[in-house]
Amino acid sequence: MLFPTLEFGIFFLIVFTISWGLRWTPDPRKYFLVGASYFFYGWWDWRFTALLFATTLINYLGGLALGSLRRPGLRKLVVGLTVAVDLGVLAFFKYYGFFLTSLDELLTALGLQRDLPFMEIILPIGISFFTFQGISYVVDVYRGHVAAERSLLDVMLFKSFFPQLVAGPIVRAADFIPQLHAPARLTREHVAVGTVLVLTGLAKKMVIANYLATDLVDPVFFDPTAAGSFDLLIAVYGYAIQIYCDFSGYSDIAIGIAALLGYRFRENFNQPYRASSLQEFWRRWHISLSTWLRDYLYIPLGGSRFGEAKTYRNLFLTMFLGGVWHGAAWNFVFWGAFHGAMLGVERWVRGRLDELVPPQADYPGLMTKLGNRLQHGIGIVWTFHLVCFAWIFFRADSFETAGAYLAGLAGSAAQSAHATPFLAGLVLLGLVFQFTPRDLGRELALGIRRLPSPLLGLLLGAGIALIWMVAPEGVAPFIYFQF
């Protein structure tokens, strides 16, 4: 059941109506939302609802144990075992086939081929997202950042809430569970923000991302050797905009739907392509994942507390494992390793430049401003192209395809068969949106919140109908469903 489909529209109307009809009875409302969320997840494959419940129960019991135990050794054992079970489930479903295939290739290359126990394993949709939510919950209970939740119902709703269940954002227990303890409220601000976010998310996904995917990115990446260098270049930029509009569009819709049901999620994207450094890019891109990696991996590894060499190591390991999280393939491993290495290089270069040119150097005011703006602009262009280079490996289905793509970019065949003015305009539009005022969406929400309720509903319905009319036929699955 995809967000931009008639089936989901009917589903959400039913959920919206009944959940607000139950607003004065908190527990029945939660039971209903849990049931609706499990129905939503079971729409993909009902068998995996048992997996979702089992991992939720493990996290719930782990949290209860951590809340009652006082001995540090026992608490460390419980959190270790709970996290190990979460990671074991994720590793089995997501990496079993990749591990055996890689081992088989290695043994064959060494002349030691063996019959390995290959199995056809279906990847449960959204397993990475709800696994990371479960890990964050038990670790936060262990650290004392959140109290152990005694209500299994609240933990079930936290892990299964359908707007963010299959593709994020990764919601923290400290942000969401306290909202379940308060009476549900639907304010005009909730409705206005939800309306704006749902419409912008649908426009990003159904119009910009889908057109770029079907008419430019997919055909060019399918066979890079058949495309000219201009098409290859525009398709790289096109994929950068496609994946941003696809994933930030899903996040906008998820946050907007949650708002319409009375809950608040944090922002997940903040105009990432206006970043002037890779470090800034990762503060703006998929914020719920990048902060998760920072809080539960980078900082426990030592962060930047133990000297330059270990800081570079920690940056590399964090991004390397972030690449592994994204997919069981070597191109994802390279993508993460590249970002980790370049974050280290960037940090080293910035440190050396600060030594050569101290930030407080006494330059004339005008020259300082011009120099800072030029440096900032160069940083934006450089960072964007580093990210685009890495996107080639993220999008390509193999190293061979990525290699052919890079070879084609270096070629001289500049003919264009795919990069039409319309598609180039969509790429440009996606880049322009990176530099609009950050609060534009909130200002729009403030502007429409004074409208009467029937007009707000009419605005949402008319906006969805207009988007549906201008969007291409069919709805491609969201890119992050595979993770």
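As shown above, the structure is provided for reference.
Residues numbered from 1 in each chain as written. Predicted model: local features only at pLDDT ≥ 70, side-chain atom pairs only at ≥ 80, totals over all residues. Heavy atoms only, no water.

Draft legend 1. Examining the overall build of the protein chain more closely. A tally of helices and strands in the protein chain yields 19 helices and 0 strands. Relative to the 2.2 N^0.38 estimate, which gives 23 Å for 483 residues, the radius of gyration of the protein chain is 24 Å and therefore close to what a compact globule would have. C-alpha extents for the protein chain along the principal axes are approximately 65 × 60 × 60 Å. Taking all 483 residues of the protein chain together, the buried fraction comes to 50%. A separation threshold of at least 6 residues defines the contact pool for the protein chain, and within that pool the share at least 24 residues apart is 77%. Summed over its atoms, the accessible surface of the protein chain is roughly 23200 Å², and 67% of this surface lies on carbon and sulfur atoms. A distance of 12 Å separates the average location of the 37 positive side-chain charges in the protein chain from that of its 32 negative side-chain charges. (Helix = DSSP H or I, 4+ residues; strand = E, 2+ residues; numbered from the N terminus. Rg over C-alpha atoms; globule rule 2.2 N^0.38 Å. Buried < 20%, exposed > 50% of the residue type's maximum accessible area, 1.4 Å probe, protein only. Contact = heavy atoms within 4.5 Å. Areas by Shrake-Rupley, 256 points an atom, 1.4 Å probe, with all protein chains shown as cover. Lys, Arg positive; Asp, Glu negative; His and termini not counted. Charge placed at Lys NZ, Arg CZ, Asp CG, Glu CD.)

Draft legend 2. Expanded view of the pattern of salt bridges. Evaluation of the coordinates by the stated rule reveals 11 salt bridges. Across the pair R47 and D45 runs a salt bridge, and its minimum N-O distance is 2.7 Å. Accessibility expressed as a relative area gives 15% for D45, which makes it buried. Here D218 makes a salt bridge to R395, at a shortest N to O gap of 2.9 Å. Remark: R395 occurs in helix α15 (residues 365-395) and D218 occurs in helix α9 (residues 188-222); sequence separation between them is 177 residues. Since its relative accessible area comes to 23%, R395 is described here as partly exposed. One salt-bridge network, held together by shared partners, links R172, R294 and D295. (Salt bridge = Lys/Arg side-chain N within 4 Å of Asp/Glu carboxyl O.)

Draft legend 3. Seen up close, the packing of aromatic side chains. What the rule picks out here adds up to 56 aromatic pairs. Relative to F93, the ring of F92 has its centre 5.2 Å away and its plane inclined at 80°; by these criteria the two rings are edge-to-face. Over the ring of W325 we find K94, and its NZ or CZ is 5.2 Å from the ring centre. (Phe/Tyr/Trp six-rings, centres within 6.5 Å; stacked < 30°, edge-to-face > 60°. Lys NZ or Arg CZ within 6 Å of the ring centre and 35° of its normal.)

Draft legend 4. Structural view of the environment of L180. As for its placement among the helices and strands, L180 is situated in helix α8 (residues 173-180). Classification of L180 by relative accessible area gives buried; the value is 4%. When sequence neighbours within four positions are dropped, the list of residues in contact with L180 reads K30, D154, L157 and Y263.

Draft legend 5. Geometry of the nonpolar core. Core analysis: the largest hydrophobic core is formed by 140 residues, its most contacted members being Y273, W285, W391 and Y480. W391 has contacts with Y239, A240, I243, Y273, F281, W285 and W335, leaving out every residue within four places of it along the chain. (Core = buried A, V, L, I, M, F, W, Y, C linked by side-chain atoms within 4.5 Å.)

Draft legend 6. Representation of the environment of G201. Structurally, G201 can be placed in helix α9. Taking C-alpha positions, G201 is 7.8 Å from C245, a pair spaced 44 residues apart along the chain. Ignoring any residue separated from it by four or fewer positions in sequence, one finds G201 in contact with G249, D252 and I253.

Draft legend 7. Representation of the environment of A445. Tracing the backbone through its elements, the reader meets A445 in helix α18 (residues 440-448). As for A445 and G336, which are separated by 109 residues in sequence, their C-alpha atoms are 37 Å apart. Here A445 is in contact with A192, V193 and V196, once residues within four sequence places are set aside.

Draft legend 8. How the structure looks around the packing of helix α10 (residues 229-260) against helix α16 (residues 399-409). Axis separation between α10 and α16 bottoms out at 8 Å; the angle between their running directions is 120°. Considered as vectors, α10 and α16 are oriented oblique to each other. In this structure, the crossing between α10 and α16 has a hand that is left-handed. Each of S229, D231, L232, L233, A235 and V236 in α10 lies in contact with α16, whose residues at this interface are Y405, G408 and L409. Of the residues assigned to the contact of α10 with α16, the class counts are 6 nonpolar, 2 polar and 1 charged. (Axes fitted to C-alpha atoms, helices over the stretch in contact; angles between N-to-C directions. Parallel < 35°, antiparallel > 145°, perpendicular 65-115°, else oblique. Left-handed = near helix turned anticlockwise from the far one by under 90°. Nonpolar A, V, L, I, M, F, W, Y, C, P; charged D, E, K, R; others polar.)

Draft legend 9. Structural detail: unusual backbone geometry. The phi angle at Q271 is positive, at roughly 45°, despite the residue not being glycine. By the secondary structure assignment, Q271 is in the loop between α10 and α11 (278-284). Given a relative accessible area of 9%, Q271 falls into the buried group. For H286, which is not glycine, the phi dihedral falls at a positive 40°. Relative to the assigned elements, H286 resides in the loop between α11 and α12 (287-301).

Read these as spatial facts, not as claims about activity.
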